[in-house]
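# Observations on chain architecture
Spelled out, the chains give:
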Amino acid sequence: MKNVLVIGSTGQIGSELTMKLRHTYPSGNIVAGYIKGAEPKGELLESGPSMEVDITNAQQIADAVKKYDIDTIYNLAALLSAVAENKPLLAWKIGIGGLMNTLEVARELKCAVFTPSSIGSFGPNAPKDGTPQDTIQQPRTMYGVTKVSGELLSNYYALKFGVDTRSVRFPGLISYVTPPGGGTTDYAVDIYYAAVRGERFKCPIAKDTFMDMMYMPDALRAAIEIMEADPEKLVHRNSFNIASMSFDPEIIYQKIKQYVPEFEMDYEVDPLRQAIADSWPNRLDDTCARLEWGWKPEYDLDAMTRDMLEKLRIKFAK
Ligand code: AKB
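Below is a summary of the structure that appears in this document. (Residues numbered from 1 in each chain as written. Predicted model: local features only at pLDDT ≥ 70, side-chain atom pairs only at ≥ 80, totals over all residues. Heavy atoms only, no water.)

## Topic: the sheet that holds strand 12 (residues 211-215)
Spatial ordering of the open sheet is given by 10-12-14, a layout of 3 strands whose pairing is mixed. Two strands close off the open sheet at either side, each with one partner strand: strand 10 (172-174) and strand 14 (245-247). Along the sheet, successive strands turn relative to each other by an average axial angle of 40 degrees, direction set aside. As paired elements, strand 10 and strand 12 share 3 bridges and run parallel to each other. For Leu173, the partnering residue across the bridge sits in strand 12 and is Met214. Running at roughly 85 degrees to strand 12, helix 8 (residues 216-228) makes contact with strand 10 and strand 12 of the sheet. (Pairing = 2+ DSSP bridges. Helix = DSSP H or I, 4+ residues; strand = E, 2+ residues; numbered from the N terminus. Axes fitted to C-alpha atoms, helices over the stretch in contact; angles between N-to-C directions. Contact = heavy atoms within 4.5 Å.)

So this is what it looks like as structure tokens:
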């Protein structure tokens, strides 16, 4: 991997992954693809090339790939789960129409493709605890439908056309850099912002609702390591379960309270997000990722909480 196009470079994952790729491959072209209205700014704009690449426009993807001699595409364009429920057609257009455009360009111009899947690719009839790598995937959300379809489509392009497609099923991602928008797991980011701002937190997810979560540095590392993995060792491709921690709102609240004793939280459950969370697994089994490409998380809840609080305090002090 040396010349990389990141589609969706100004989003929650893209804004950090693009910078990490630029540090990891300093001699390559790491192109920040963006859509109108979400142009890169600051360090992201100044540290490397950027170009308008709307995933629904195959020509724009092909132009960027040709211009920068791209060998790997990170396809990070998607609507998150709660938004996708309200905009199902747009979710399909971006998630599947956009993926199809990306895969076709990759087939013609010979690129590898990373497209994240999610814990949301599972539905209520998958085993809840220790959800296996290969199990029933019948999600009840449009987000999940696009994720399962995306996994299948990516595997099809690998088998049929030899496109090097790879993917991980991301848990809820927690970061102090770019906030998520419209996800079911967003509460686990918002809670840290409330704690640092000295606000009382209204939790939209009910007590005892467990979901997999991950600190962004681990997620970024996973996205790069899977693309660097030895293909000979990969039994799976799209998509690998990865995991690092699972908690419910009460557990993360108590953890934050350990460092911010005055922090208070109560519940104001959002029925849409709660129904989505109830249909998702509690905890994935990531044995295959560990065995096939050496996946290993570095952050647990305590390490993540200390870092989040420290970084957000610095951010708000500026
Ligand atoms: C969401 O909540 O929609 C995402 C996800 C778990 O895929 N963060």
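## Describing helix 7 (residues 187-197)
Counted residue by residue, helix 7 has 8 buried out of 11 residues, so it is predominantly covered. Along helix 7, the residues classified as buried are Tyr187, Ala188, Val189, Ile191, Tyr192, Tyr193, Ala194 and Ala195. Count one or two residues on from helix 7 and you reach Gly198, which has phi positive near 75 degrees. (Buried < 20%, exposed > 50% of the residue type's maximum accessible area, 1.4 Å probe, protein only.)

## Quick notes on the site of the ligand
Looking at the ligand, the residues that line it are Leu80, Ser81, Ser118, Ile119, Tyr143, Pro171, Gly172, Gly183, Thr184, Thr185 and Trp280. At 2.7 Å, a side-chain N or O of Ser118 approaches an oxygen atom of the ligand. At a separation of 2.7 Å, an oxygen atom of the ligand approaches a polar backbone atom of Thr184. Relative to its unbound accessible area of 250 Å², the ligand is 95% covered by the protein chains. When its residues are assigned to classes, the shell around the ligand shows 5 nonpolar, 6 polar and no charged. (Near = heavy atom within 4 Å. Polar contact = N/O pair within 3.5 Å; in protein donor to acceptor, adjacent residues only side chain to side chain. Areas by Shrake-Rupley, 256 points an atom, 1.4 Å probe, with all protein chains shown as cover. Nonpolar A, V, L, I, M, F, W, Y, C, P; charged D, E, K, R; others polar.)

## Considerations on the pairing of strand 12
When you tally the buried positions in strand 12, you get 5 out of 5 residues, the bulk of the element. Neither face of strand 12 is exposed, since Met211, Met213 and Tyr215 on one face and Asp212 and Met214 on the opposite face are all buried. Note: strand 12 against strand 14, 3 bridges, orientation antiparallel. Bridge pairing in strand 14 links Met213 to Met245.

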